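Remarks on the overall topology
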Amino acid sequence: MCTYNGERFLAAQIDSILNQTWKNLELVIVDDCSTDGTLAIAEERGQKDHRIRIYKNAQNLGINQNFSRALSLCQGELIAPCDQDDIWHPDKLMRLEHQLGDHVMAYCDSQLINADGSPMNMRISDRLHMYQGHQPAVFAFWNCISGHAMLFKRTLLEQALPIPPIKFHDWWLAFWAATVGDIKYVDEALVQYRQHAGGQTDVSRQVNRVEAGNRADLFKERCNWFSYLASVPSQDQAYLQTLSNLYQAQSKQWLSFELIRHLRLRANDLLYINKKKSFFRFALKHFWGLKAKAFFSPSKYQTD
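Reference entry: report on the structure contained in this document. This one's a predicted model, so the numbers in the text were calculated from it and none came from an experiment.

About the cut-offs
- Residues numbered from 1 in each chain as written.
- Predicted model: local features only at pLDDT ≥ 70, side-chain atom pairs only at ≥ 80, totals over all residues.
- Heavy atoms only, no water.
- Core = buried A, V, L, I, M, F, W, Y, C linked by side-chain atoms within 4.5 Å.
- Buried < 20%, exposed > 50% of the residue type's maximum accessible area, 1.4 Å probe, protein only.
- Helix = DSSP H or I, 4+ residues; strand = E, 2+ residues; numbered from the N terminus.
- Contact = heavy atoms within 4.5 Å.
- Pairing = 2+ DSSP bridges.
- Axes fitted to C-alpha atoms, helices over the stretch in contact; angles between N-to-C directions.
- 1 Å grid on protein atoms, 1.4 Å probe; cavity = no way out; pocket = protein on both sides within 12 Å on 5 of 7 lines; lining within 4 Å.
- Points joined across faces, edges and corners; volume = space filled by probe spheres on them.
- Nonpolar A, V, L, I, M, F, W, Y, C, P; charged D, E, K, R; others polar.
- Phe/Tyr/Trp six-rings, centres within 6.5 Å; stacked < 30°, edge-to-face > 60°.
- Lys NZ or Arg CZ within 6 Å of the ring centre and 35° of its normal.
- Salt bridge = Lys/Arg side-chain N within 4 Å of Asp/Glu carboxyl O.

Turning next to the nonpolar core. Counting residues in each nonpolar core, the largest one holds 90 residues, and the members touching the most others are F139, F141 and L263. For this core, the element with the most residues is helix α6 (residues 169-180), which contributes eight residues. With residues near it in sequence (within four places) discarded, F139 still touches Y131, C144, I145, W171, A174, F175, A178, I183, W225 and I273.

In space, the three strands of this open sheet follow the order β1-β2-β3, with parallel pairing throughout. Unpaired on one side and paired on the other, β1 (2-3) and β3 (52-56) mark the two borders of the sheet. Of the strand pairs in this sheet, strand β2 (residues 27-31) and β3 are connected by five bridges, and their pairing is parallel. Bridging across to β3, V30 finds its partner in Y55. Against the sheet, helix α2 (residues 38-48) makes contact with β1, β2 and β3, and its axis sits at roughly 150° relative to β3, the strand it touches most.

A few words now on the layout of surface pockets. If you add up the space inside the second largest pocket, you get close to 520 Å³. If you go around the second largest pocket, you meet 24 residues; those closest to its centre are L25, E26, L78, I79 and A80. If you list the elements that add at least two residues to the lining of the second largest pocket, you get β2, α3 (63-73), β4 (78-79) and α4 (92-100). The element contributing the most residues to the lining of the second largest pocket is α3, with three residues. By residue class, the composition of the lining of the second largest pocket is 18 nonpolar, three polar and three charged.

What follows concerns the packing of aromatic side chains. The full count for this structure, using the stated rule, is 17 aromatic pairs. Ring centres 6.2 Å apart and planes at 55° place the aromatic pair F279 and F282 in the tilted group. Of the two residues, F279 and F282 are both situated in helix α11 (residues 279-287); the distance of three residues between them amounts to about one turn of the helix. Residue classification places F279 among the buried positions, given a relative accessible area of 18%. Residue F282 is classed as buried on the basis of its relative accessible area, which comes to 2%. Aromatic ring contacts, followed pair by pair, group F141, W142, F226, Y247, F279 and F282 into a single cluster. Its end group placed over the ring of F279, R264 keeps NZ or CZ at 4.7 Å from the ring centre. The cationic tip of R266 hangs over the ring face of Y239; the distance from NZ or CZ to the ring centre is 5.1 Å.

Now for the pattern of salt bridges. Taken as a whole and judged by the stated rule, the model has 13 salt bridges. Residue R123 is joined to D109 by a salt bridge in which the shortest nitrogen-to-oxygen separation is 3.9 Å. You can see R123 sitting in strand β7 (residues 119-123) and its partner D109 sitting in strand β6 (residues 105-113), a full 14 residues away along the chain. Residue class for D109 comes out buried when judged on its relative accessible area of 0%.

With that out of the way, let us pick up the pairing of β6. With eight of nine residues buried, β6 lies mostly within the body of the structure. Note: β6 against strand β8 (residues 150-153), three bridges, orientation antiparallel. Looking across to β8, one finds that M105 is bridged to F152. Sheet topology note: the β6/strand β9 (residues 183-194) ladder contains nine bridges and is parallel. Of the residues in β9, the one forming a bridge with M105 is I183. Inspection of the sheet shows β6 paired to β7 by two bridges, in the antiparallel sense. Bridge pairing in β7 places Q111 opposite R123. Between β6 and β7, which follow one another and run antiparallel, lie five residues, and G117 among them has a positive phi close to 90°.

Here we come to the environment of A12. Note that A12 resides in helix α1 (residues 10-18). Take A12: its relative accessible area is 34%, and that puts it in the partly exposed class. Between the C-alpha atoms of A12 and I87, which are 75 residues apart in sequence, the distance is 6.6 Å. Contacts of A12, omitting those with residues within four sequence positions, involve D86 and I87.

So this is what it looks like as structure tokens:
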């Protein structure tokens, strides 16, 4: 578990972990220099349960680097990342372990709740197709595997660490799981996934958040993301390398016919997770090069 200023919901999350029917566990908590009562809550629970180990970073690392540290400190053969604001079903770890088998990762569905803990009558699977298999390219544009829903074998960390400073840690872990092994989906909602303004993601699309930054910066982020994916030896590496090259080239183009042709080759994989996205809408968004986007929307694509 990585914590940062999470005092509002932390106690309920810790208690739901300690109350798992799978009792042989350790809870590694790494606090990223919280300025509220987060650390005190964790230490109070740690004094009562020897399974908790608490670490405090000397300086703020940010979520991905903090998760890299927390995961590296885990001693078990099976590892489950944890957020600071959710609630786990008592049988979550037991049920995922029973389904893991020869797979490198198993994950479950999640029931969305609001900040007060009330059900939102929605699961993640209502928004996304839940993938199982071993195709890394499926995770190029979207991710359906939340960190709080994962259970994976320790061997995954030998390749996946350190987590790069881009996208989310769970997205990177899901990509690597499909690269080195097979992913199993367990069609049960074993986590109450809290949606609130301070959370990292808004699956419900009902929480008010700050608008995304300059779209030129978002374009650079996408190019960097594909560079990371293309650096990973996998069955899809050649395809992802070509995709990465085409996105880099798009920064100097008006139109990207070759990129659209390349996306079409693996459209079924690339669009699998997103339930609502048609290839036409997807292609239209990626057809325009950065020059055209900057010409028609200069305020959104300002560059240095």
